[in-house]
Amino acid sequence: MIYALSLNPSWDKTASITRFQLDAPNRIRTERLDVGGKGVNVARVARELGEETELVGFDFTGEPMKTAMAQEGIPCRLFPLQGEMRVNLKLRETETGRTIEINERGAAVTENDIQAVLYGLLESARTGAWYALSGSLPPGAKPDTYRRFCGAIQAWGCAAAVDCDGEALREAVLAKPALIKPNIQEFCDLTGVDPDSPQDVLDACQNLCAQGVGRVCLTWGGKGAWLVSAREAWACSAAKIEPQGTQGGGDTMLAALITALTRGMSDPDALRFASAAAAATVMRPGTLLCRLTDQEALLSGLTVSAL
């Protein structure tokens, strides 16, 4: 069972233009509007891969989250906030393939709001279940929010996986989560190591594991991904695909990796499984996520080796 936390969901509006021009009208050619956010993506991918999942978090005026999740068949436990859900706008230039992202901050929360969601997570806690804590924190949430959630979740015999950055990630690692999934830049910001020195990066991963973090999944963009624990370290090659963007790739990696570990896969098999799913998302346009058929087709083209 995978529980996905969604503290700062959004309307994801994806539009395409020929080429962005400053101080001039920009005509939208196509557009798409979806309920999104990292936690929502994790739940969607887990469900697509055949895993039981539930979304826990906030909803807003008009209950857009409840409506969208009901249409997709994803169970949810949502707590109301006053106000409108934020909008994240992504403009893709068709001439260059570049993407411009403009993200709103979202509705402010109180400590009571945060506590309500935490109690909601713990109400349905199952020993051995995985909890995905991912995404930006909404205004009003303290930087130690994920750290406190990790501590409470793991006290119930469950596993916490964290995907965030900055101070929220720095705080979260103090709770020794079962898994963290930063990209290479987020990891180097956390540890201060040079991304151009793979050995230093590996040493830093192993140091975090020695301090109690269960696993570090490190994504390198077009260079593939690593999965490091206190006992072993693995690298997976990058899939040979034509990327349509990076939106949702990291969320897919997290969801698929947790799915694989839930099913008892070994670390190298779990890394390959998750890398194929992430590639299956990156090869789709806009905010569309992986399809199981694409993930299965990509598996055979990936290789995993020990670091």
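### Here's the deal with helix 1 (residues 38-48)
Burial analysis of helix 1 places eight of its 11 residues in the buried class, the great majority of the element. The set of residues buried in helix 1 consists of Gly 39, Val 40, Asn 41, Val 42, Ala 43, Arg 44, Val 45 and Ala 46. Elements in contact with the buried residues of helix 1: strand 1 (2-6), strand 3 (30-36), strand 4 (53-59), helix 2 (64-72), strand 8 (130-134) and helix 8 (249-262). Downstream of helix 1 by one or two residues, Gly 50 has phi in the positive range, about 95°.

### Quick look at the nonpolar core
One broad rule of soluble globular proteins: the nonpolar side chains tend to lie buried together. If you look at the biggest cluster of nonpolar residues, it comprises 101 residues, and the most contacted ones within it are Trp 130, Leu 133, Phe 149, Ile 153, Leu 179, Phe 187 and Val 201. The greatest single-element share of this core, amounting to nine residues, is contributed by helix 9 (residues 267-282). Residues contacting Ile 153, with those up to four places away along its chain left out, are Leu 121, Leu 122, Tyr 131, Leu 133, Cys 158, Ala 159 and Ala 160.

### As for the packing of helix 1 against helix 8
Helix 8 packs onto helix 1 with a crossing angle of 45° between their chain directions and a minimal axis gap of 8 Å. In terms of axis orientation, helix 1 runs oblique to helix 8. Where helix 1 crosses over helix 8, the two elements pack in a sense that is right-handed. Of helix 8, the residues touching helix 1 (which contributes Lys 38, Asn 41, Val 42, Val 45 and Ala 46) are Asp 251, Thr 252, Leu 254, Ala 255, Ala 256 and Thr 259. Partitioning the contact of helix 1 with helix 8 into residue classes produces six nonpolar, three polar and two charged.

### Description of the confidence of the model for the protein chain
Low pLDDT means the predicted atomic positions in that stretch should not be read closely. Model confidence for the protein chain is summarised by a mean pLDDT of 92, while 99% of its residues fall at 70 or above. Per-element confidence in the protein chain is highest for strand 10 (residues 179-180), whose mean pLDDT is 98, and lowest for strand 3, whose mean pLDDT is 84.

### Side note on the sheet that holds strand 7 (residues 99-103)
Strand order in the open sheet formed by four strands is 3-2-6-7, with mixed pairing between adjacent strands. Edge strands, defined here as strands with exactly one partner in the open sheet, are strand 3 and strand 7. Sheet twist, expressed as the average angle between the axes of neighbouring strands with direction ignored, equals 15°. With five bridges joining them, strand 6 (residues 86-93) and strand 7 adopt antiparallel strand pairing.

### A closer look at the sheet that holds strand 14 (residues 304-306)
If you trace the 10 strands from one edge of the open sheet to the other, you get 5-4-1-8-9-10-11-12-13-14, paired in mixed fashion. Looking along the sheet, the strands with just one partner apiece sit at the ends: strand 5 (76-80) and strand 14. Pairing analysis gives four bridges linking strand 1 to strand 8, with the strands arranged parallel. Residue pairing for strand 8: Ile 2 is matched across the bridge by Trp 130. Contacts from helix 2 reach strand 1, strand 4 and strand 5, with the element oriented near 160° to strand 4. Along the sheet face, helix 9 touches strand 11 (215-219), strand 12 (225-229), strand 13 (233-236) and strand 14 and points at about 30° away from the line of strand 13.

### Considering the pairing of strand 11
Of all five residues in strand 11, five are buried; the element is thus mostly enclosed. Both faces of strand 11 are covered, namely the face carrying Arg 215, Cys 217 and Thr 219 and the face carrying Val 216 and Leu 218. Sheet topology note: the strand 10/strand 11 ladder contains two bridges and is parallel. Considered in strand 11, the bridge of Ile 180 is made with Val 216. Strand direction decides the pairing type here: strand 11 and strand 12, joined by five bridges, are antiparallel. Paired with Arg 215 across the bridge in strand 12 is Ser 229. From the end of strand 11 to the start of strand 12, which pair antiparallel, there are five residues, and Gly 221 there has a positive phi angle of about 65°.

What counts and what doesn't
- Residues numbered from 1 in each chain as written.
- Predicted model: local features only at pLDDT ≥ 70, side-chain atom pairs only at ≥ 80, totals over all residues.
- Heavy atoms only, no water.
- Buried < 20%, exposed > 50% of the residue type's maximum accessible area, 1.4 Å probe, protein only.
- Helix = DSSP H or I, 4+ residues; strand = E, 2+ residues; numbered from the N terminus.
- Contact = heavy atoms within 4.5 Å.
- Core = buried A, V, L, I, M, F, W, Y, C linked by side-chain atoms within 4.5 Å.
- Axes fitted to C-alpha atoms, helices over the stretch in contact; angles between N-to-C directions.
- Parallel < 35°, antiparallel > 145°, perpendicular 65-115°, else oblique.
- Left-handed = near helix turned anticlockwise from the far one by under 90°.
- Nonpolar A, V, L, I, M, F, W, Y, C, P; charged D, E, K, R; others polar.
- pLDDT = per-residue confidence, 0-100.
- Pairing = 2+ DSSP bridges.

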